[in-house]
Every structure is written in C-alpha cells, then in structure tokens.
Amino acid sequence: MKTIFIPIFQGVEVRNILRTDVFKILKQQNDLMIVLFVTNQERKEYFEKEFFGKNIVYEVVPIYCPPILNWLFNFLKFNLIKTKTIDLKRKIQFEQDRNLFKYVWKLGFNRIFASKIFRKTVRFLDYYLRRDGNYSEYFEKYNPDLILSAHLFSDTEVSFIRQARKRGIKSVGLINSWDKITSRCMVAVLPDKLIVNNDIIKKEAIKFIDMKVGVIEVVGVPHYDLYLNKKSDRGEFVRKLGFSTDKKLVVFAPWGKERSDADKDIIQLIYRILKEDLAYLNAQLLVRFPPNDDVELGKDFLNKNIIYQKPGRRFSKERGVDWDMSFEDINELINTLYHSSLIISFTSSIAIDAAVFDKPVINIKFDTRPFDPSNRKPSRFYETEHYSKLLATGGVRLVHNENELSFWIKNYLENPETNSKERRRIIEEQCWKHDGRAGFRIANFILNYLNQ
C-alpha cells in the first residue's frame, strides 16, 4: 500500500481537495492510504465526521518551529519576486508607517536581487543550511510515497516539502488560487511537479516560481466542477431566502470587516438606488459576506428588506485562512449566482464565479471614506497583478462614482447580455476548461505520477 500526505491547513485546501473529485477518487484507491494533516483537535473532529474511510488517517500537527536563520530566509523570500501586487503592498506599508528608509531599502533590494539566479542561490542555501526537523516523525512513522501541498507559500507546508526532498519522496504542488503566485512570496522549496488552473498561472509559475515548463500540469478549477450540478427551482430558492419571486435579484459581495468600512456605505447606496432611482426595475438586494470573515450584523446593517448571507464555518474570529464551506454552503452560492441578475463587488474572485454563470459584474472603484488608511481603501487593490489581468478582458465593469453605478445597474438589469462575449473570455482565461472534470484531471495526474 502506498501513502500520500495532504496538509489541510486552509479553507481553500478543503474546497479544492476534500470537496472535489480529487479526494473522492483518491479515497477509492484500495491500495492507497491518505494521511490528512490538520492544525488542532477541533478541526480533526470536524472534518473526520464527513471525510472518513478505512484508508483515511488524521494527524494533528504541532505548531511550526522556525529553523535556524529563519529571519534571514523570511526576509529574502518576501523580497525576491517583483510584481505589481508586491510593489503595491510595499507602497501601502510605507503610507502607514512613513518609514522612508525601510521602503527605499526594500525596494532597492528587490530591484537588484529579484531574479531567477538569486532565488536559485537562496534555495541552494536553504537546502544545505537549514536544519528543519519539523514533522520528521510523521515521515518516519508512515514512510510516504508522495506529498500533495496546496499552499507552497506557507512555512509549515514548505517544511513538509523540505522533508520530502531530503528523503527522496515525490512532491506535487497545487496552486489553489489565482492571486497566490503574484501576491505572496517566492517558493522556498520547489515541488517536483506543479498543478495549476490555467495558462496564466502556468506562465506566472515559470516566471516567479522558476518551475520548468515540463513539470507543470494545467487542469482547470476543481471547485467549479460543482457549478455544473443541477440547480434549485428559482421560485423555491427565492422563497427560501424570503424574497419575492417576481423580483430581480441583485447580489453585493462585501470585503468584510477587516478590510473595509465602506461595505455598509455601499449597501445603503445600492439599496437606495434600487428602491428610489430604479424602483421601476423591481429588484431586490442580497448581501453575501465572504466565508473567511466573521461579520457581526449590528445596527449599521439592519434592514428588513435586505437579505444577508453569512456562509461557511469560521474556526477563528479573525479574517484569514481558517474557514470551511460545507457542500450546503457551496450549493447556496451556486444557486445565488445562478438565480441572480447582477453581481456587485470590490476586487473579488466572485467576478469569475459570476462569469461562469454569464452574470453581469460591476466593480466599485471609488472610496466612500477617502480619509481611511490606504490598506482599507478598496480602490487601491485594482492595481494588483492578478486583478489587472481580469479587468483587461472587459468582462467586469468598473464604476468610478455613484452616477456610473446607477447607470450600469440600470443597463445590466435591462440588458443582461451586455458584455457576455467578454465574460466568456474570462472563463477561457481563468478556467481553461469548464467541463466538470478538473478534479478528475488532478487525481489522475497524482495517481499516474505516484505509480511511475
């Protein structure tokens, strides 16, 4: 029997592995043991109720212990890739702390040393200088044949890859989000193989991660496989929400409490536009919060005519990676998008989700609170590397003031086919193939590599 290690430390890892055909197919292999690593007992008890089997084992890992020279390698990894997103983060940090020396020093270092040859040198030093004993006991206990890591930017998961490399064990990386490569850091230890969603990410993996072309597999977006499932009847779904069945559904996706105070301003603005300026269009508002942020619906949000969705299970009160969306939550999202007439948001991957269903998308690029700190201004984040590529498709409509917002709400509700061609381009670029078989391709690739 062969053994695969799979760390499950983030919500997106659960979404892209456990809740797709990846896990389903791997679990069906009678000659394969799957060891799932989680961060604490609560998560173990939570996941093993749903994802279990005679060949499934859970391990609760201890807190990661940084190896020697960790401070130096951390500095290097965060300053050795050059993207618009990293530049934006550096600029926002300067606007907050006003430390000109630190800003100039990091910018200068980045411009001089952010290159493939220097990253290769750092990886060489990492291999020979870092004495990382984290999680070695699990390798000795199970003697795995392969490790699948879906977060190559995490010190904890890199530690697993580092152990695998030094022991001659196969490793596969999975880039599970469209913004990871250009917004995080360099990958300190490269996996043997890499799985990506699309050709855009493949090019980024070659440029910024330094992966070779021949070891990268393009598969599509695994969690979008579920988007092809049968949808609920519209009347049944809308009545369940508490809405009127004869009204159009407008969905607003906020940033959440940790990133923007503008959410409630925009909610009130959209509601006013729908109820006053465009009342004749007979539309209603649904606000869907992100699953990774625990928003408290206080008096600022109270409005009996607005429906609020708070999807997912959060294991922490802080915004971050520690969350899960059940199959019921995912089904609710699918039906919300499918039965909606328009999606409004700031920078968000929900723009791609909406395009899958050919739903018009409006992005708000104006600040309702201009004196907020830079990191809390939604308008700043349209400058990021991944989002600028999305905007280049023309499938998302940017609005720069209230009048434009009102105009495009009216236009899209009256003419939902507007920009449909451009939304198809989003699907072609971001999803590669949307055929319901991305999870199958990932599992098949892993099994073929495992058995080579």
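Structure's up top.
Note on numbering: residues in each chain are counted from 1, in written sequence order. Residues qualify for local features only when their pLDDT is at least 70, as the model is predicted, and side-chain atom pairs are given and counted only at 80 or more; totals for whole chains, interfaces and linings, by contrast, use all residues. Hydrogens and water molecules were not included; the side-chain quantities draw on all heavy atoms of the structure.

Student: Describe in detail the overall build of the chain, supporting the description with residues and values.
Tutor: Elements are defined by DSSP. Helices are runs of H or I of four residues or more, strands are runs of E of two residues or more, and each kind is numbered from the N terminus. Counting its secondary structure elements, the chain contains 19 helices and 15 strands. A globule of 452 residues ought to have a C-alpha radius of gyration of about 22 Å, and the chain, at 23 Å, matches this closely. Three exposure classes are used, based on accessible area relative to the maximum for each residue type with a 1.4 Å probe and protein chains only: buried under 20%, partly exposed in between, and exposed over 50%. Buried residues in the chain amount to 57% of all 452 residues. Across the chain, contacts joining residues at least 24 apart in sequence account for 70% of those joining residues at least 6 apart. Of note, the chain has its 74 positive side-chain charges centred 4 Å away from the centre of its 58 negative side-chain charges. The globule rule used here is 2.2 Å times the number of residues to the 0.38 power, and the radius of gyration it is set against is calculated over C-alpha atoms. Only heavy atoms enter the contact rule, under which two residues are in contact if any of them lie within 4.5 Å. By the counting scheme adopted, Arg and Lys are positive, Glu and Asp are negative, and His together with the chain ends is not counted. To locate a charge, take atom NZ for lysine, CZ for arginine, CG for aspartate or CD for glutamate.

Student: I'd love a proper account of a nonpolar patch on the surface, names of residues and values included.
Tutor: To count toward a patch, a residue needs a relative accessible area over 30% and no salt bridge; like charges are then connected within 9 Å, while nonpolar side chains (Val, Leu, Ile, Met, Phe, Trp, Tyr) are connected within 5 Å. Residue exposure ignores everything except the shown protein chains as possible cover, and the areas themselves are Shrake-Rupley values with a 1.4 Å probe. Only one rule defines a salt bridge in this text: a Lys or Arg side-chain nitrogen within 4 Å of an Asp or Glu carboxyl oxygen. Taken together, the side chains of Phe124, Leu125, Tyr127, Tyr128 and Leu129 define a hydrophobic patch exposed on the protein surface, amounting to about 490 Å² of accessible area. Its location among the elements puts Leu125 in helix H7 (residues 116–129). For Leu125, a relative accessible area of 35% translates into the label partly exposed.

Student: Tell me about the sheet that holds strand S15 (residues 397–399), and name the residues and values.
Tutor: Pairing between strands is defined by DSSP: at least two bridges between the two strands are required. Sheet architecture is open: six strands sit in the order S10-S9-S8-S13-S14-S15, paired in parallel fashion. Each edge of the sheet is formed by a strand with only one pairing partner; in this case those strands are strand S10 (307–309) and S15. Sheet twist, expressed as the average angle between the axes of neighbouring strands with direction ignored, equals 25°. Where strand S13 (residues 342–345) lies against strand S14 (residues 361–364), three bridges are found, and the strand directions are parallel. Lines fitted to C-alpha atoms define the axes, with helix axes restricted to the stretch in contact, and inter-axis angles between N-to-C directions lie between 0 and 180 degrees.

Student: I'd like a rundown of the side chain of Glu157, residues and numbers included.
Tutor: Relative to the helices and strands, Glu157 resides in helix H9 (residues 155–166). No salt bridge is formed by the buried Glu157; the nearest opposite charge belongs to Lys180, separated by 8.2 Å. N or O atoms within 3.5 Å of each other form a polar contact, as long as, within protein, one can give a hydrogen and the other can take it, and as long as residues adjacent in sequence are counted only when both atoms are side-chain atoms. At 2.6 Å, the side chain of Glu157 forms a polar contact with the side chain of Ser149.

Student: How would you summarise the state of the cysteines if you had to cite specific residues and measurements?
Tutor: We call a pair of cysteine sulfur atoms a disulfide when they lie within 2.5 Å. Tallied over the full model, the rule gives zero disulfides. Considering cysteine sulfurs only, Cys185 is the nearest to Cys65, which forms no disulfide, with 19 Å between them. Judged by its relative accessible area of 4%, Cys185 is buried.

Student: How would you explain the environment of Leu241 if you had to name every residue and give the values?
Tutor: Relative to the assigned elements, Leu241 resides in helix H12 (residues 234–241). Residue classification places Leu241 among the buried positions, given a relative accessible area of 14%. Residues Leu241 and Ser154, spaced 87 residues apart in sequence, show a C-alpha to C-alpha distance of 38 Å. Excluding residues that lie within four positions of it along the chain, Leu241 makes contacts with Leu286, Ile307 and Gln309.

Student: Give me the lowdown on the pairing of S14, citing residues and values where you can.
Tutor: Taking every second residue as pointing to the same face, both faces of S14 are buried, with Val361 and Asn363 on one and Ile362 and Ile364 on the other. In terms of strand pairing, S14 meets S15 through three bridges, oriented parallel. Counterpart to Asn363 in the pairing with S15 is Leu398.

Geometric descriptors of this kind do not, in isolation, establish any biological role.
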